[in-house]
Amino acid sequence: MMARTSDIGRAAGILRAGGLVAVPTETVYGLGANAEDPAAVARVFQVKGRPPTHPLIVHLAAAEQLGDWVADVPDTALALAGHFWPGPLTLVLRRGRRVPLEATGGLETVAVRVPAHPVALELLSAFGGGVAAPSANRFGSVSPTTADHVRAELGDAVDFVLDGGPCDVGVESTIVDATGGTPSILRPGGVTPEDLEAVLGRPVAAGSPNHIRVPGQHPSHYAPRARVVLVDPLEIATEAQAAQERGHRVGVFLPPACADVPVKAHAVVTVPESMADYARGLYGFLRELDQLGCDLIVASLPVEQGLGVAIANRLRRAAGPR
Ligand code: AMP
Ligand code: MG
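Just so it is clear, the structure is predicted and the values come from calculations on it, not from any experiment.

What counts, and where the lines are drawn
Within every chain, residues take consecutive numbers counted from 1 along the sequence as written. Here the convention is simple: chains get letters from A, ligands get numbers from 1, in the order in which they are written. Confidence filtering applies because this is a predicted model: local features only for residues at pLDDT of at least 70, side-chain atom pairs given and counted only at 80 or more, and all residues used for totals across whole chains, interfaces and linings. For the side-chain quantities, the full set of heavy atoms in the structure was used; hydrogens and water were omitted. Only the stretch in contact is used when fitting a helix axis, every axis being a line fitted to C-alpha atoms; angles between N-to-C directions are given from 0 to 180 degrees. Where helices and strands are cited, they refer to DSSP runs of H or I of at least four residues and of E of at least two residues respectively, numbered from the N terminus. Note on angle classes: values under 35 degrees are labelled roughly parallel, values over 145 roughly antiparallel, values of 65 to 115 roughly perpendicular, and the remainder oblique. Here is the rule for handedness: rotate from the far helix to the near one, and if that takes an anticlockwise turn smaller than a right angle the crossing is left-handed, while a clockwise turn gives right-handed. By definition in these notes, contact holds between two residues if any of their heavy atoms fall within 4.5 Å. Here the nonpolar group is Ala, Val, Leu, Ile, Met, Phe, Trp, Tyr, Cys and Pro; Asp, Glu, Lys and Arg are the charged ones; every other residue, Gly included, is treated as polar. Only protein chains enter the accessibility calculation, which uses a 1.4 Å probe. A residue is then buried if its area is under 20% of the maximum for its type, exposed if over 50%, and partly exposed in between. In this scheme, strands are said to pair when DSSP sees at least two bridges between them. Salt bridge, as used here: a side-chain nitrogen of Lys or Arg that lies within 4 Å of a carboxyl oxygen of Asp or Glu.

**Student:** For this particular structure, what's the right way to read the packing of helix H9 (residues 275–291) against helix H10 (residues 308–318)?
**Tutor:** How two helices sit against one another is set out by the angle between their axes and by the gap between those axes. Contact geometry of H9 with H10 gives a least axis separation of 9 Å together with a crossing angle of 30 degrees. In terms of orientation, H9 and H10 fall into the roughly parallel class. Crossing of H9 over H10 shows left-handed handedness. Across from Met275, Tyr278, Ala279, Leu282 and Tyr283 in H9, the residues of H10 making contact are Gly308, Ile311, Arg314 and Leu315. By residue class, the composition of the contact of H9 with H10 is 7 nonpolar, 1 polar and 1 charged.

Quick look at the structure:
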């Protein structure tokens with residue numbers, strides 16, 4: 001059920017009292033704490049089982065608050081915030097004094113964003129401060145895109161789950177290092193490289209030319225219980241059948257172009273043709289195949305354009321060495 005006004009008030013009270021609230025955003029559900037409360041932030045790490053060196057994203061109600069939370073706002077950061085906020089873009093900037101080192105994993109930079117979800121924005125306004133939140137899942141596993149996913153994964157470890165319905169984007173935000181003169185993409189996500197380039201008027205590099213540490217970018221992340229193998233789309237059916245014959249319970253991500261190909265597997269998800277639909281459904285599909293008891297998922301990468309870049313990034317890491 002969707003959150004009501006009374007739920008927003010309750011959630012804001014829990015944040016003020018040092019508690020944890022699961023917050024719906026347009027990307028995925030976050031596990032939120034008062035960003036200025038080191039003890040509450042420490043509990044986020046504990047609940048997730050996340051190493052304390054992996055920084056959290058500080059969520060704000062409006063771009064106008066940016067100056068309170070970061071030490072310096074370069075023009076490019078201002079332009080990006082002006083264009084993409086509220087939205088699935090996270091900016092890494094120099095840490096302001098309001099942000100405790102607990103929230104940044106000890107870094108002198110901080111990741112900030114204004115989410116585009118009415119419930120998140122209402123909560124952030126009612127609370128008034130910054131909400132530090134990673135995705136509301138155990139470390140390394142698939143991010144939650146519904147309130148039920150959060151409840152199933154975190155149960156009583158979270159004080160309150162605000163239900164905002166299913167997430168519209170479905171993959172995490174794009175993280176851009178905007179500390180230096182040349183912005184770069186630290187993690188692909190809901191804002192596409194093409195969109196960024198259109199606003200900046202120049203190509204945007206992936207990686208970290210400013211040599212800042214990029215914690216939390218492990219090869220294995222966003223992973224279901226089932227092992228994930230990536231193959232050429234033309235090999236999906238043979239690969240699935242061979243694994244099934246070796247005794248695996250195989251789940252298949254069938255590309256739309258192969259929708260008519262007969263596949264012998266335990267469960268088959270036909271991947272949506274639209275990249276927006278694929279991103280929205282991605283984590284739910286992985287959870288579904290886990291729930292159906294699959295121990296191996298055979299998938300292939302989408303074309304790496306637009307949202308396909310973020311989807312391919314998550315699939316590669318879901319398939320990464322455990
Ligand atoms: P999550 O979306 O749950 O993985 O959490 C936020 C991610 O943001 C982290 O895993 C980091 O990769 C990234 N991040 C947060 N703060 C910073 C920072 N100051 N510098 C670089 N990356 C960051
Ligand atoms: Mg995460």
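Read on for the rest.
**Student:** What exactly am I supposed to notice about the pairing of strand E8 (residues 174–177) here?
**Tutor:** Walk down a regular strand and you will see the side chains alternate between the two sheet faces. Burial along E8 is two-sided: Thr174 and Val176 and Ile175 and Asp177, pointing in opposite directions, are all buried. Examined bridge by bridge, strand E4 (residues 89–94) and E8 share 4 bridges and lie parallel to one another. Looking at E8, one finds that leucine 89 is bridged to threonine 174. Sheet analysis places E8 next to strand E9 (residues 184–187), joined by 3 bridges and oriented antiparallel. Residue pairing for E9: valine 176 is matched across the bridge by isoleucine 185.

**Student:** It is not clear to me how the environment of leucine 80 should be interpreted in this structure. Could you clarify?
**Tutor:** Inspection of the secondary structure assignment puts leucine 80 in helix H4 (residues 75–84). Judged by relative accessible area, leucine 80 falls into the buried class, the value being 0%. Along the sequence, leucine 80 and valine 199 sit 119 residues apart, while their C-alpha atoms lie 7.3 Å from each other. Dropping the residues within four chain positions of it, leucine 80 is found in contact with Trp85, Leu89, Leu91, Val176, Leu196, Val199 and Leu200.

**Student:** Is there a simple way to explain the sheet that holds strand E11 (residues 227–230) in this structure?
**Tutor:** What links the strands of a sheet is backbone hydrogen bonding, and the strands pair in either a parallel or an antiparallel sense. Across the sheet, which stays open at both edges, the 4 strands sit in the order E11-E14-E12-E13 with parallel pairing between neighbours. Strands with a single pairing partner mark the edges of an open sheet, and in this sheet they are E11 and strand E13 (267–270). Direction aside, the axes of adjacent strands within the sheet are offset by 20 degrees on average. Where H9 meets the sheet, its contacts fall on strand E12 (250–254), E13 and strand E14 (296–299), and the angle it forms with E12 comes to roughly 170 degrees.

**Student:** Just to check I follow, could you spell out the pairing of E13 for this structure?
**Tutor:** Of the two faces of E13, the one lined by Ala267 and Val269 is fully buried and the one lined by Val268 and Thr270 carries no buried residue. With 4 bridges joining them, E12 and E13 adopt parallel strand pairing. If you follow phenylalanine 253 over to E13, its bridge partner there is valine 269.

**Student:** Is there a simple way to think about the sheet that holds strand E5 (residues 109–113) in this case?
**Tutor:** Judged by pairing direction, the sheet is mixed, and its 10 strands sit side by side in the order E7-E1-E2-E6-E3-E5-E4-E8-E9-E10 without closing on themselves. Looking at strand neighbours, the two that pair on one side only are strand E7 (160–161) and strand E10 (205–206), the edges of this open sheet. Bridge count for E4 against E5 is 4 bridges, and the pairing is antiparallel. Its bridge partner being in E5, leucine 91 is matched across the sheet by valine 112.

**Student:** In this structure, what is going on with the pattern of salt bridges? I would like to understand it.
**Tutor:** Any two side chains of opposite charge can pair, on the condition that their charged atoms come close. Evaluation of the coordinates by the stated rule reveals 12 salt bridges. Across the pair arginine 151 and aspartate 148 runs a salt bridge whose closest N-O atoms are separated by 2.8 Å. Of this pair, arginine 151 and aspartate 148 both sit in helix H6 (residues 147–154), 3 residues apart, which is roughly one turn of the helix. Across the pair glutamate 153 and arginine 287 runs a salt bridge, and its minimum N-O distance is 3.1 Å. Separated by 134 residues along the polypeptide, glutamate 153 in helix H6 and arginine 287 in helix H9 bring together distant segments of the chain. Taken as a pair, glutamate 153 and arginine 287 share a single burial class, namely buried. Taken together, the salt bridges that share partners define one network made up of Glu36, Asp68 and Arg98.

This is a description of form; function is not addressed.
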